[in-house]
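The lines below spell out each chain.
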Amino acid sequence: MISEMKNYPTRFINCVLRILLLIILLNACSTNLGSISNNAIEPGETIKIAVLTPYGAQEKKLSYIGKSLRDAAFLAKQDLGNLNFQLKIYDTEGREDISIDSVHSAINDGANIIVGPFLPETTKAISTISKSKGIRVISFSNDLTLAGNNIFIIGDTSVNRAEKLIKYSLEQKKYRFGIISPINKQYNELENSIRDKISRNGGIETFSIHYTKELENLSEIAKEVREKAINTNTDAIIFTDDPNKKISLLAAELQDITNSTEKGKIQIIGLSRWDLSSSILSESSLQGSWVAIPDTRFRAIYEKRFFKKFGYRPHLKSSLAYDAIALVGALIRKRDIEQSYYPFNTNEILNSNGFIGIDGIFRFKSDRTTEKELAIATIERSQPNILKLSPNKFP
C-alpha cells in the first residue's frame, strides 16, 4: 500500500497528510469525568501550547530524539494552518532540574497545555507543578506509572501491544499462555499487566519463567520452558524482552515445539518491536512468530515531508509530537466551532472515538494511558507480513 502511495502526486500526498491531521471523531464519551481545575479560556483567545523536548541534551541519541520531536511539532503547526494558537518550544536537556525550570517558564508565559517532556523522570519532575496549576500534560513517555490526574501518556506501551496480541490469539483459538521474561523489576510489572490482560480477555496463564543476563544457563531455561509448555498444554509463549541474542538462542532451543508454521505447534509471540530488528527477523527459529505493529500507511508520507522540510530523517518517536499537536489542534478547532471555554476538559481529551495519528488511530483511556490500534503480523521470510490489518475505528 505504501508503494502505491509513492506514485501519487506530491500535492495529493500533502493533502492526505493535512486531512489526516485535522480529522477527529467528535462524539465525546459520555462518562462524567471532572476537570482538575476550572481554567476557562475565552473562545476567541489565542491558545498557547508549550512543547518540552530534550533537543539540547549532551547525550547524542537523546538530543536527536528531542530535535526530531521539536521539528515534528513545527511540522504539525504548519499543517494546522490558520488555527488560533501559538507554539513555544522549551529545552529540557533531558534533566529534571531544567525541566522544572522549563515548566515554570511555560506557566509564566501563559501556557494552556503542555506537550512533552520525553523522559519518564522529567515527566515526573513537572507533574506536581503542572497539576497545581490545573494544566494538562500530554507526555511523550510510555511509562504507565506516570499516567493519572493531569498527566496523559501518548507513548506506545508493551501493555497495549500485549492486549492486541492476546485478543488476536484468542480469535485463533489459542487460550493458554506461557510468559518468558528477564529478571528485572520493570518486566515484573509488565508481567503482572500481561496476566491481567490474559485473565480479562478469557485466557489462562500456564507458566512464567525468568532468565538472567548470563547466556550459559539458557539451555537449562529452555529445558524448563519445554517441560512446562508440554505439561500445561500451552498454546502460545509470550517473550516480553526487547530484541536480543537471548531470545534467538531460547527460540532455537525450542524450535521443535514452537514452529508455528506447522499445525498444532506452540505459537511464539514477541511483545516488543521485533519488526525493527534485522537479527530477529532473519532468525530461522522465529519465523512464524507474531508481533503487533503500527499502521504504516502514512509513515512513509510523513517521513518524506519531514525530510524535505528539515533535511534529515526523523527519529521513529518524532510522530508522537506530531500526533500530540494534531490532537490539540483538533480540540482547538472544536472549541472554535462550539465557542467552548474549556477546550482541554478531561471529557474532550478522553474522546472514546479517538484521534487519527501517523501510526493509526489512538485514544486516551480513563487511566490516562493510550490505546493504539495495531496490525498483527507474522515473521515470514525475514520480514513482517500482515495477518490482520489495523482497524480504522475503535469497537
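Scroll up to find the structure.
Treat the numbers as computed from the prediction; the structure is a model and nothing was measured.

### Focus: the sheet that holds strand β4 (residues 136-139)
Adjacent strands of a sheet form backbone hydrogen bonds with each other and so pair up, either parallel or antiparallel.
Phase 1: Strands sit in the order β2-β1-β3-β4-β5 across an open sheet of five strands; the sheet is parallel. The open sheet has two edge strands, β2 (85-91) and β5 (151-153), and neither has a second partner. Going from strand to strand, the sheet's axes swing by 20° on average, the running direction of each strand aside.
Phase 2: Examined bridge by bridge, β4 and β5 share three bridges and lie parallel to one another. Following the sheet pairing, isoleucine 138 is matched in β5 by phenylalanine 152.
Phase 3: Lying on the sheet, helix α4 (residues 96-108) is in contact with β1 (47-53), β2 and β3 (113-115); it crosses β2 at an angle near 155°.

### Details of the packing of aromatic side chains
Phase 1: Applying the stated criterion across every chain, the model contains 10 aromatic pairs.
Phase 2: Where phenylalanine 239 meets tryptophan 274, the ring centres are 6.2 Å apart and the plane angle is 55°; that geometry is what we call tilted. Placement of phenylalanine 239 in strand β8 (residues 236-239) and of tryptophan 274 in the loop between β9 (267-270) and α11 (278-282) is noted, with a sequence separation of 35 residues between them. Across the pair, exposure class does not vary: phenylalanine 239 and tryptophan 274 are buried alike.
Phase 3: By way of ring pairs, the aromatic residues Tyr64, Tyr302, Phe306, Phe310, Tyr312 and Tyr322 are connected into one cluster.
Phase 4: Positioned above the aromatic ring of tyrosine 55, the side-chain terminus of arginine 70 is 4.9 Å from the ring centre.

### Topic: the layout of surface pockets
If you roll a probe as big as a water molecule over the atoms, it shows you where there is empty space left.
Phase 1: Counted as a void, the largest pocket has a volume near 1100 Å³.
Phase 2: Forming the boundary of the largest pocket are 39 residues, of which Asn142, Asp156, Thr157, Ser158 and Arg161 lie nearest the centre.
Phase 3: Secondary structure elements with two or more residues in the lining of the largest pocket: α6 (158-171), α7 (185-200), α13 (319-338) and β12 (360-364).
Phase 4: If one sorts the elements of the lining of the largest pocket by residue count, α7 sits on top with five residues.
Phase 5: Looking at side-chain class alone, the lining of the largest pocket contains 14 nonpolar, 13 polar and 12 charged residues.

### Looking at the packing of helix α3 (residues 60-79) against α13
Phase 1: The interhelical angle for the contact between α3 and α13, taken along N-to-C directions, is 35°, at an axis separation of 7 Å. The chirality of how α3 crosses α13 is right-handed. On α13, the residues touching Leu69, Ala72, Ala73, Leu75, Ala76, Lys77 and Asp79 of α3 are Leu320, Ala321, Tyr322 and Ile325.
Phase 2: Considering only residue class, the contact of α3 with α13 consists of nine nonpolar, no polar and two charged.

### Points about the nonpolar core
Phase 1: Counting residues in each nonpolar core, the largest one holds 44 residues, and the members touching the most others are Ile49, Val51, Phe140, Ile325 and Val328.
Phase 2: Elements with a minimum of two residues in this core: β1, α3, β2, β3, α12 (299-310), α13 and β12.
Phase 3: Looking at this core, the element that brings in the most residues is α13, giving nine residues.
Phase 4: Ile221, Ile257, Leu286 and Val291 belong to the second-largest nonpolar core, a separate cluster that totals 27 residues.

### Quick notes on the environment of serine 141
Phase 1: Secondary-structure assignment places serine 141 in the loop between β4 and β5.
Phase 2: Sequence separation of serine 141 and glycine 155 is 14 residues, and the distance between their C-alpha atoms is 5.1 Å.
Phase 3: Setting aside its immediate chain neighbours within four residues, serine 141 contacts Pro117, Phe118, Pro120, Thr123, Leu146, Ile153, Ile154 and Gly155.
Phase 4: Here the side chain of serine 141 touches aspartate 143 through a polar contact of 3.0 Å, landing on its backbone nitrogen.

Parameters and conventions
- Residues numbered from 1 in each chain as written.
- Predicted model: local features only at pLDDT ≥ 70, side-chain atom pairs only at ≥ 80, totals over all residues.
- Heavy atoms only, no water.
- Pairing = 2+ DSSP bridges.
- Helix = DSSP H or I, 4+ residues; strand = E, 2+ residues; numbered from the N terminus.
- Axes fitted to C-alpha atoms, helices over the stretch in contact; angles between N-to-C directions.
- Contact = heavy atoms within 4.5 Å.
- Phe/Tyr/Trp six-rings, centres within 6.5 Å; stacked < 30°, edge-to-face > 60°.
- Buried < 20%, exposed > 50% of the residue type's maximum accessible area, 1.4 Å probe, protein only.
- Lys NZ or Arg CZ within 6 Å of the ring centre and 35° of its normal.
- 1 Å grid on protein atoms, 1.4 Å probe; cavity = no way out; pocket = protein on both sides within 12 Å on 5 of 7 lines; lining within 4 Å.
- Points joined across faces, edges and corners; volume = space filled by probe spheres on them.
- Nonpolar A, V, L, I, M, F, W, Y, C, P; charged D, E, K, R; others polar.
- Left-handed = near helix turned anticlockwise from the far one by under 90°.
- Core = buried A, V, L, I, M, F, W, Y, C linked by side-chain atoms within 4.5 Å.
- Polar contact = N/O pair within 3.5 Å; in protein donor to acceptor, adjacent residues only side chain to side chain.

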